[in-house]
Amino acid sequence: MPTPVPLLVFTDLDGTLIDHHSYDWTPATPALKAIKSIGGGIILASSKSAPEIQKLRAALDLSDWPAIVENGAGTLRPGSDSKANSIEYQKIRSILAKIPSTLRQHFTGFGDLTTDEVVAATGLPRQDARQAKARSFSEPGTWTGTNADRQAFEDALKPHGITAREGGRFLTLSFGCQKSDQMAAIIDQYKPGTTIALGDAPNDVEMLEAADFGVIINNPERSPLPPLQAEAEGRIIRTTQSGPTGWNIAMLDLLKRLE
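Here we summarise the structure given alongside this text. Since the structure is predicted, the reported quantities are computational estimates derived from the model, not experimental observations.

Overview of the overall build of the protein chain
The number of helices and strands found in the protein chain is eleven helices and eleven strands. On C-alpha atoms alone, the protein chain measures out to a radius of gyration of 18 Å, which is about the 18 Å that the 2.2 N^0.38 rule sets for 259 residues. Seen through its C-alpha atoms, the protein chain measures out along the principal axes to roughly 55 × 40 × 35 Å. Burial statistics for the protein chain: of 259 residues in total, 51% are counted as buried. Distance between charge centres in the protein chain, computed from 26 positive and 31 negative side chains, equals 4 Å.

Here you go:
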């Protein structure tokens, strides 16, 4: 059983730890080093696929920690190689094929796109785009219809057990698991003294509220999150800077407070 750790940081990726456009995280390097220096753990939590997160986790030197993949639909164990099992994903794709075309036409999932089209939609290098298409549990995509049509689309999916969650970049369909579900299991395993969560989108809200401290990272690319109850209590704060710069400032400030 892992030794209890002083701090666990759960962080979203796109628009939070990594820049929305460049996918760069280096402005957050000082805070990342500070967390590691006190024996804290950093848990990546994203709608990205396991192969994508495995690559990012290795680049960030975080492979000794688990990660939350596909918006909470699964986890990546410490040090493990990701092996896609697409049974759930294929089930989602099969259900999508049964949705009325008047609604389905407004949702374009990664399964509807070629690798080159994912490159165009995300700005990822081709190899990374190929990994982004290697789904096991969820289907991210873009929505081009009206809000009313989107509600009808989500209502059509509900009887099949599929929910839609809005992230920093895509609308992601899955069988209902959230980042906070996996977060709770990881907390139970590592028993941290303090937990911090950082995110920028609606699919991060439960994770932000479940942590001892939450940080809403400013993302000028999307509408801001509505006020959360824990903000009035001072447990959740918002940054003025976006992406990894805001992440770095907020984390260094919180580490000082925790001293």
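Here's the deal with the packing of aromatic side chains
Taken as a whole, this structure holds four aromatic pairs when the rule is applied. On the numbers, 5.5 Å between centres and 25° between planes, the contact of Phe-107 with Phe-153 is stacked. Here the residue Phe-107 occupies a position in strand S5 (residues 107–109), and Phe-153 occupies one in helix H7 (residues 147–157), the gap between them amounting to 46 residues. Of the residues examined, Phe-107 reaches a relative accessible area of 2% and is grouped as buried. Here Phe-153 falls in the buried class, since its relative accessible area comes to 0%.

Description of helix H3 (residues 87–96)
Here H3 has its buried residues at Tyr-89, Ile-92, Arg-93, Ile-95 and Leu-96. Angularly, the buried residues of H3 cover 160° about the axis, an arc narrow enough to put them on a single face. Where the residues of H3 are buried, they touch helix H4 (101–104), S5, strand S6 (139–143), H7 and strand S8 (171–174).

Some details on the sheet that holds strand S9 (residues 194–199)
Each strand in a sheet pairs with another by means of backbone hydrogen bonds, the pair being arranged parallel or else antiparallel. Taken in spatial order, the five strands make up an open sheet running S2-S1-S9-S10-S11, and their pairing is parallel. This sheet does not close on itself; its edge strands, each paired only once, are strand S2 (41–44) and strand S11 (236–242). Across this sheet, the average inter-strand angle for adjacent strands is 20°, counted without regard to direction. Where strand S10 (residues 213–218) lies against S11, four bridges are found, and the strand directions are parallel. From the neighbouring strand, Gly-214 faces S11, where its bridge partner is Ile-236.

So, the sheet that holds S6
The antiparallel open sheet is built from four strands, whose spatial order is S5-S6-S8-S7. Every interior strand has two partners, whereas the edge strands, S5 and strand S7 (163–166), have only one. This sheet shows a mean twist of 35° between the axes of neighbouring strands, independent of strand direction. On top of the sheet, H3 reaches S5, S6 and S8; it is set at about 35° to S6, its chief contact.

Let's talk about the pattern of salt bridges
Per the stated rule, a full pass over the model turns up 19 salt bridges. We note a salt bridge from Asp-14 to Lys-48, for which the minimum N-O separation is 3.2 Å. Here Asp-14, found in the loop between strand S1 (7–11) and helix H1 (29–37), pairs with Lys-48, found in the loop between S2 and helix H2 (50–59); they are 34 residues apart in sequence, far enough to count as distant. The class of Asp-14 is buried, set by a relative accessible area of 14%. Look at Lys-48 and you get buried, because its relative accessible area is 8%. Note that Arg-104 is salt-bridged to Asp-112, the shortest N-O span being 2.9 Å. Note on Asp-112: relative accessible area 32%, which makes it partly exposed.

Quick notes on the nonpolar core
Residues Phe-10, Leu-17, Leu-44, Trp-247 and Met-251 are the most contacted members of the largest nonpolar core, which totals 57 residues. At five residues, the largest contribution of residues to this core is made by helix H11 (residues 243–258). Discounting residues that sit within four places of it in the chain, Phe-10 has contacts with Ile-43, Ile-68, Met-183, Ile-186, Ile-187, Thr-195, Ile-196, Ala-197, Leu-198 and Met-207. Counting residues in each nonpolar core, the second largest holds 13 residues, with Ile-95, Phe-107, Leu-157 and Leu-171 among its members.

Considering H2
Turning to H2, its buried residues are Ala-50, Pro-51, Glu-52, Ile-53, Leu-56 and Arg-57. Looking at the buried side of H2, the elements it contacts are S2, strand S3 (67–69), strand S4 (74–76) and helix H6 (126–132). Directly beyond the C-terminal end of H2, a positive phi value near 60° is found at Asp-61.

Section: unusual backbone geometry
The residue Asp-61 is not glycine, and still its phi comes out positive at about 60°. Along the chain, the position of Asp-61 falls in the loop between H2 and S3. Residue class for Asp-61 comes out exposed when judged on its relative accessible area of 59%. Unlike most non-glycine residues, Glu-70 shows phi in positive territory, near 50°. Within the secondary structure layout, Glu-70 lies in the loop between S3 and S4.

Cut-offs and rules
- Residues numbered from 1 in each chain as written.
- Predicted model: local features only at pLDDT ≥ 70, side-chain atom pairs only at ≥ 80, totals over all residues.
- Heavy atoms only, no water.
- Helix = DSSP H or I, 4+ residues; strand = E, 2+ residues; numbered from the N terminus.
- Rg over C-alpha atoms; globule rule 2.2 N^0.38 Å.
- Buried < 20%, exposed > 50% of the residue type's maximum accessible area, 1.4 Å probe, protein only.
- Lys, Arg positive; Asp, Glu negative; His and termini not counted.
- Charge placed at Lys NZ, Arg CZ, Asp CG, Glu CD.
- Phe/Tyr/Trp six-rings, centres within 6.5 Å; stacked < 30°, edge-to-face > 60°.
- Arc of directions from axis to C-beta.
- Contact = heavy atoms within 4.5 Å.
- Pairing = 2+ DSSP bridges.
- Axes fitted to C-alpha atoms, helices over the stretch in contact; angles between N-to-C directions.
- Salt bridge = Lys/Arg side-chain N within 4 Å of Asp/Glu carboxyl O.
- Core = buried A, V, L, I, M, F, W, Y, C linked by side-chain atoms within 4.5 Å.

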